Amino acid sequence: MSRITSKQLLKYLVCLSVLLLLSACEVNRLRSIEEHYRQRRYAAAIQEADEFIRKAANGAFITRAELARSSSYHQLGLMSLQRDNQELALKFFKLSNSEAADKDLAALYKQRITEAIQANDYEKQLIYVNNILREIPRSELVPEMMYRRINLYLDYLGHYDHAWQDYMDLFDRYPNDSYEVAARKSMERIVPNKKAYGQRLAQAGYYNEALTQFFELAKYPVVKTNEINQLIGDAYRGQAEEYLHEGDYLEADRFLRIALQYVPDQRPQIEAKLQEIVGLFIKRGDEYLAVKDFDTAMTYYQKVFEIIPDYPPGLQAIQRLNTTKQNIARAAQLFELGQRSEASGRYAEALGLYQQANSLDSSAEIQKHIANVQNMIEADRDPQAFARKIINQYRGGLLIARVNLKKSELLANYKANEVRDSGWKFLLSTSQYKYEVRYDLMSPRETFFYVWQVNLKDRSIIPLNKISEDLMK
């Protein structure tokens, strides 16, 4: 451990002596300031305090000097009041910046407010009210001044939004203060318009903005609870109706349930609307079931239970879906068996299987096979008669009628013994179930040879020359 040299010790003692000397000097200067104050030499106390505060090093001494300076300004303000110099008093009270001076400053402002009221000078009233609120925010006069400013906004300036903001601040800071209670009466001029504005917003579809308006009103004792709850409930119901119109049924359900919390007396109407939403879910699911989109249909059916658990029509809808899927699977099996029977020439058996399949899951393909095997059965019974039937029934007898018309035209131009026709001829064509159908018309100068191929299996008729094709148009 190093030893302190005599030179270092001397230096330390010199510094200590200087500090003690400076401290003694500051004590003397502080005593001088306080002596000036005791002797009511306030200007001198302020002057010395200002200089002392700039140069002093001791924090505790600086604080005492600041207090002496503040008290001096306060006393100068009181002396100014005694001499009826209010402007100077105001200046000194502000410079004092102390709790005691603030009380006197507030009292002086209030006196001026009283004078302005007697003179019906709203502008000066507002100036001094604002001065108290701005300059002395902790004054006990703040509730009264806020109340006064509310009424000045309403009566003098027509600033209803400013008045409402002041009332909210008054209630938030001083709930149930006598001036806050009095201000509720003033709010009777504002609240009806705010409610009406919120209703207009809701009617225009601005539900969030309307609810913001209503919830703000609900925070303050200026509207009856059941009245504001009714407005809130109506807004939520309106929002639910909009979601319902857009097909967002879950959101519609959510907002209806929120509405029910505010308007429990509307439970029957709201529950009826919930039932309607459930019905819409089932209806939408049925639409997807009809086009065999089973996954989407099931999604809608299951949403039913998010609104009403174990809802019987929802359970029935799911049962319908499962039955439909089973029917489709069974129909596919029957259709496959029918195809095998048809391929083996067992048409009656195939027809029965196809008809069973069609009763379970009707489709264009199954119906086509039903028609085909019915044709095959009839063709097997009497193919030529069936071919004649197909010709006779084509487009309501169109071919028969037009052939007869063409023959009538020839008879009109030629003698009866000059017009010859072959009559309808049905000849087996290239396969068992295809027939060639002919009809020939002959006159001295014109000849018409009509010929078609009739497919007994699907009842199709194909023209085999141009005049036959034209006759079918």
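Conventions used here
- Residues numbered from 1 in each chain as written.
- Predicted model: local features only at pLDDT ≥ 70, side-chain atom pairs only at ≥ 80, totals over all residues.
- Heavy atoms only, no water.
- Axes fitted to C-alpha atoms, helices over the stretch in contact; angles between N-to-C directions.
- Helix = DSSP H or I, 4+ residues; strand = E, 2+ residues; numbered from the N terminus.
- Parallel < 35°, antiparallel > 145°, perpendicular 65-115°, else oblique.
- Left-handed = near helix turned anticlockwise from the far one by under 90°.
- Contact = heavy atoms within 4.5 Å.
- Nonpolar A, V, L, I, M, F, W, Y, C, P; charged D, E, K, R; others polar.
- Salt bridge = Lys/Arg side-chain N within 4 Å of Asp/Glu carboxyl O.
- Buried < 20%, exposed > 50% of the residue type's maximum accessible area, 1.4 Å probe, protein only.
- pLDDT = per-residue confidence, 0-100.
- Pairing = 2+ DSSP bridges.
- Polar contact = N/O pair within 3.5 Å; in protein donor to acceptor, adjacent residues only side chain to side chain.

Asks: In this structure, what is going on with the packing of helix α15 (residues 294–307) against helix α16 (residues 312–343)? I would like to understand it.
Replies: Packed helices, taken two at a time, are described by the angle between their axes plus the distance between the axes. Look at α15 against α16: their axes get within 9 Å of each other, and the N-to-C directions meet at 160 degrees. Taken together, the axis directions place α15 and α16 in an arrangement best described as roughly antiparallel. Crossing handedness for the pair α15 and α16: left-handed. The segment α15 lies against α16, with F294, A297, M298, Y301, V304 and F305 engaging G314, L315, A317, I318, R320, L321, N322, T324, K325 and I328. Across the contact of α15 with α16, the residue classes break down as eleven nonpolar, three polar and two charged.

Asks: Could you clarify how one ought to interpret the pattern of salt bridges in this entry?
Replies: Pairing between side chains becomes possible if they bear opposite charge and their charged atoms approach one another. On inspection of all chains with the given rule, the structure shows 32 salt bridges. Of the charged contacts, one joins E135 and R134 as a salt bridge, the two residues approaching to 3.7 Å between their closest N and O atoms. A residue is classified by how much of its surface remains accessible, and E135, at 28% relative accessible area, is partly exposed. When its relative accessible area of 54% is taken as the criterion, R134 is described as exposed. R320 is the salt-bridge partner of D286, the closest N and O atoms lying 2.9 Å from each other. One end of the pair, D286, is in helix α14 (residues 267–290); the other, R320, is in helix α16, with 34 residues separating them in the sequence. Within the structure, one salt-bridge network assembled from shared partners comprises K94, R134 and E135.

Asks: Whenever I open this one, the confidence of the model for the chain confuses me. Can you help?
Replies: Residues shown with low pLDDT carry predicted positions that ought not to be read at fine detail. Mean pLDDT over the chain works out to 91, with 95% of the residues at or above the 70 mark. Confidence drops under a pLDDT of 50 for residues 12–22, and excluding neighbours within four residues, the segment shows zero contacts in the predicted structure.

Asks: Please clarify how the pairing of strand β2 (residues 425–428) should be interpreted in this entry.
Replies: As a general feature of sheets, a regular strand has side chains that alternate between the two faces. Of the strand pairs in this sheet, β2 and strand β3 (residues 434–442) are connected by four bridges, and their pairing is antiparallel. Across the sheet, the residue bridging to L428 is Y435, located in β3. Counted along the chain from β2 to the antiparallel partner β3, the turn is five residues long.

Asks: Sorry if this is basic, but what is going on with the pairing of strand β5 (residues 460–463) here?
Replies: Where strand β4 (residues 447–455) meets β5, four bridges bridge the pair, whose relative direction is antiparallel. Bridge pairing in β5 places Q453 opposite I462. Taken together, β4 and the strand that follows it, β5, pair antiparallel across an intervening segment of four residues, in which R459 is found at a positive phi of about 65 degrees.

Asks: Quick question: what am I supposed to make of the side chain of S186 here?
Replies: Along the chain, the position of S186 falls in helix α9 (residues 178–187). The buried category is assigned to S186, whose relative accessible area is 5%. At 2.9 Å, the side chain of S186 forms a polar contact with the side chain of N151. Setting aside its immediate chain neighbours within four residues, S186 contacts Y147, I150, N151 and L154.

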